[in-house]
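# Coordinates in review
So the chains spell out like this:
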Amino acid sequence: MTHMHVAGALHADATTPAPVWLTRPEDVNSLTAKLWSETVKRDENGVITVGGLRLTDLAEQVGTPAYVIDEVDFRSRARDWREAFAGWTVYYAGKSFLCGTIVRWAAEEDLNLDVCSLGELTVALRAGFDPARIGMHGNNKSEAELRLALEHGVGRIIVDSSDEISRLERLCAELDTTARVMIRVTTGVEAHTHEYIATAHEDQKFGFSIAGGQALVGLFRCHHSPRLQLLGVHSHIGSQIFDTNGFEVAARRTLKLFSQFKEATGLELAELDLGGGFGIAYTKEDTPATPDELARGLRDIVEHECRGFGLNPPAISIEPGRAIVGPSGLALYRVGTVKPVDVGNGMNRRYISVDGGMSDNIRPALYAAEYSAALASRSSAAEPVVSRVVGLHCEGGDILVRDEFLPGDVAIGDLIAVPAAGAYSRSMASNYNHTPRPPVVSVRDGKVRTMLRRETLDDLLALDAGLSENEEPNG
C-alpha cells in the first residue's frame, strides 16, 4: 500500500507510521504561511485568529464543525489571478465552492463565472451575476439546464458530446435563438495527479477526442449549424496541477486542431480556454506555482505554439477555482476523543477524533488527499507526536488528516484547524450517517457573516416521507 499524493504518483511514499516527507517541526505551534489564508496568525495567548477574530470566539458563536472563509484572502487571490493574467479572461470555477456571497465577491472582483449544473447556474442567476459572463459546463447537461442557459443568454456553453449538439440545436430552434458554444476536447495528456481528477487522458468521460478525430468533426458540425455560434475550443487536463508542463503538450495538440480547422475552412477559431486545475499547498511539501509564474509560462507556451502553426493568438481564458477559494478557507473542529494506537515496531500513533469527518471533507477518503492541521485553541509546550485526525463516521476510512505532528497534549475540548479547506469541502459534503452539514461563515475585520447556515436534523427529516410531524422515530 502507498499514500497517493494529490500531485501524482511521483510524490507517493510507502506506508509508514509517518510519511517520509513529514518532518518533525522545531516549533509545533508555528504556522506554515503557504498553508493558511492571509490574515491567519496566533495571538499572544497562542489562539489562532482569522480576519482579526479568535477561533475560540468563533466556535462559541457558530459552533463546530464549521467552514471559515477569509474574505480578505479570497478577494486578494481573485485580484492576483486577474492581474497576473491581464488581457486574458479569468473564470472562477464555481464547482470548487459556490454560494450567493461567493458569486457577488467574484462579480465585485471582476471575474467571470464557471458553472456545471442546474443548481450552480440557478445560484449565479439568483445572485444577480451577468449571464453573459457565465460559462456552462457539464458532460450530460439536461434540457432544463440548457433551456435556462439559453433563456438567460449565458455567454458560452461548453459542448461535451454529439448528443448535446443535437439537443442544443433542437432547443435553439424551439426558442428561436442561437447558442454560443465551445467544444471541449480531450488532448490525451496524462496529468501527474490522481486518476479520478486527471481529465485529459483518452479513457474517461469528458470531451471530444483530438486523436480519434471526434474533436474536428464536432467543430465542423458546430461551425455549419445555423443555430450554434462556434467560439473555439476548451481544454482541461486535470486538477491540483503544480506546473505548466502538461499545459504545454495540451496547448500544442489543441492549437494543431486550430490549424486543421483553419486549413479546412479558411477561418481561425477565436477562443481557447486552457481550463483550470491549478494546485495549492495542502502540506508543507507542496510547492505550487504562483499566478505570476503560471501566467508567464502559459503566455510563452501559447505564443510559441501559435507561431509554430502560423496562427494569430486566440483570446485565452482560464478557470481557477481551488487556487482562489482553497487557501482562503479552513475547517474548524472540536476534539472528542484521543486514542493512542500501537502501529507495530514499538511505534505509536495518536488518533484524534473530532466532531466532523468524511461528510464534510470526502477528499481524503475519495482519493487519499493529504491535509495538514494545527491546534487552534491554544499553544502548547508538549513534544510533537505523529497524529491522525479522524471523524465520527462509521467508516475505517473516515480520515481528515492522515499524518501530522501535533502536540502530545491535545485533549478533549481542544480546537483543531485544518487549512486549505475552502475548495471541495462544503461543495462535496454529504449527510452520511444523517449528519447535518456544517455552516460556512466569512470573517473580516473581526466580524462573522453567515454564507451558508448550519443544517439541522429538522432540515434532514423534513425530506423523510416516512416521518410525519406527529410521529417520533423509534429508538
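Owing to the predicted nature of the structure, the values given are computational and were not obtained by experimental measurement. (Residues numbered from 1 in each chain as written. Predicted model: local features only at pLDDT ≥ 70, side-chain atom pairs only at ≥ 80, totals over all residues. Heavy atoms only, no water.)

### Observations regarding helix α9 (residues 291-309)
- The end-to-end C-alpha distance of α9 is 27 Å, a good match for the 27 Å that 19 residues give at a rise of 1.5 Å each.
- Against α2 (71-84), α8 (245-265), β14 (271-276) and β15 (315-319) lie the buried residues of α9.
- Note on α9: the residue one or two positions beyond its end, Gly310, has a positive phi of about 65 degrees. (Helix = DSSP H or I, 4+ residues; strand = E, 2+ residues; numbered from the N terminus. Expected span 1.5 Å × (residues − 1). Contact = heavy atoms within 4.5 Å.)

### A few points about the pairing of strand β23 (residues 447-452)
- Here strand β22 (residues 440-444) pairs with β23 via five bridges, running antiparallel. In the strand pairing of β23, Arg444 is matched with Lys447.
- Count of turn residues in the β22/β23 antiparallel hairpin: two residues, of which Asp445 carries a positive phi of about 55 degrees. (Pairing = 2+ DSSP bridges.)

### Structural notes on the pattern of salt bridges
- For the structure shown, the criterion picks out 27 salt bridges.
- The residue Arg79 makes a salt bridge to Glu109 at a minimum N-O spacing of 3.3 Å. Pair noted here: Arg79 is in helix α2 and Glu109 is in the loop between α3 (100-108) and β8 (112-115), with a separation of 30 residues, a long-range link.
- Judged by relative accessible area, Arg79 falls into the partly exposed class, the value being 32%.
- Taken together, the shared-partner salt bridges connect Glu71, Arg75, Arg79, Glu108, Glu109, Arg444 and Asp445 into one network. (Salt bridge = Lys/Arg side-chain N within 4 Å of Asp/Glu carboxyl O. Buried < 20%, exposed > 50% of the residue type's maximum accessible area, 1.4 Å probe, protein only.)

### Remarks on the packing of helix α4 (residues 118-126) against helix α5 (residues 143-152)
- Following both chains from N to C, one finds α4 and α5 inclined at 25 degrees, their axes separated by 9 Å at the closest point. By the criterion of interaxial angle, the relationship of α4 to α5 is roughly parallel. The way α4 lies across α5 gives a crossing that is left-handed. Facing α4, whose interface residues are Leu118, Leu121, Thr122 and Leu125, α5 presents Ala144, Glu145, Leu148, Ala149 and His152.
- In terms of residue class, the contact of α4 with α5 is built from six nonpolar, two polar and one charged. (Axes fitted to C-alpha atoms, helices over the stretch in contact; angles between N-to-C directions. Parallel < 35°, antiparallel > 145°, perpendicular 65-115°, else oblique. Left-handed = near helix turned anticlockwise from the far one by under 90°. Nonpolar A, V, L, I, M, F, W, Y, C, P; charged D, E, K, R; others polar.)

### A word on the sheet that holds strand β5 (residues 53-54)
- As summarised here, the arrangement of the three strands in space is β3-β4-β5, forming an open sheet in which the pairing is antiparallel. Looking at the sheet topology across the chains shown, the edges are occupied by β3 (41-42) and β5.

### A word on the confidence of the model for the protein chain
- Looking at the protein chain as a whole, the pLDDT averages 92, with 92% of positions reaching at least 70.
- pLDDT under 50 marks residues 1-15. Its contacts with residues more than four places away, or in other chains, come to 42 contacts. (pLDDT = per-residue confidence, 0-100.)

### Re a negative patch on the surface
- Where like charges cluster on the molecular surface, the negative patch consists of Glu38, Asp80, Glu83, Asp292 and Glu293.
- Assignment of secondary structure puts Glu293 in helix α9. (Patch = residues over 30% accessible without salt bridge, like charges linked within 9 Å, V, L, I, M, F, W, Y side chains within 5 Å. Areas by Shrake-Rupley, 256 points an atom, 1.4 Å probe, with all protein chains shown as cover. Lys, Arg positive; Asp, Glu negative; His and termini not counted. Charge placed at Lys NZ, Arg CZ, Asp CG, Glu CD.)

### Notes on the packing of aromatic side chains
- Considering all chains together, one arrives at eight aromatic pairs under this definition.
- Here Trp81 and Phe85 contribute two aromatic rings whose centre-to-centre distance is 5.6 Å and whose plane-to-plane angle is 5 degrees, an arrangement assigned as stacked. In terms of burial, Trp81 and Phe85 fall into one category: buried.
- A connected cluster of aromatic rings, assembled from ring pairs, spans Trp81, Phe85, Trp88, Phe247 and Phe278.
- Seen from the ring of Tyr91, Arg156 lies directly overhead, with NZ or CZ sitting 3.9 Å from the centre.
- Above the face of the Trp88 ring, Arg299 is positioned so that its terminal group lies 5.1 Å from the ring centre. (Phe/Tyr/Trp six-rings, centres within 6.5 Å; stacked < 30°, edge-to-face > 60°. Lys NZ or Arg CZ within 6 Å of the ring centre and 35° of its normal.)

### Some points on the nonpolar core
- Formed by 102 residues in total, the largest nonpolar core has its most connected members in Phe85 and Tyr92.
- Among the elements that line this core, the one with the most residues is α8, at seven residues.
- When neighbours within four sequence positions are excluded, Phe85 is seen to be in contact with Val90, Pro291, Leu294, Ala295, Leu298, Arg299 and Ile318. (Core = buried A, V, L, I, M, F, W, Y, C linked by side-chain atoms within 4.5 Å.)

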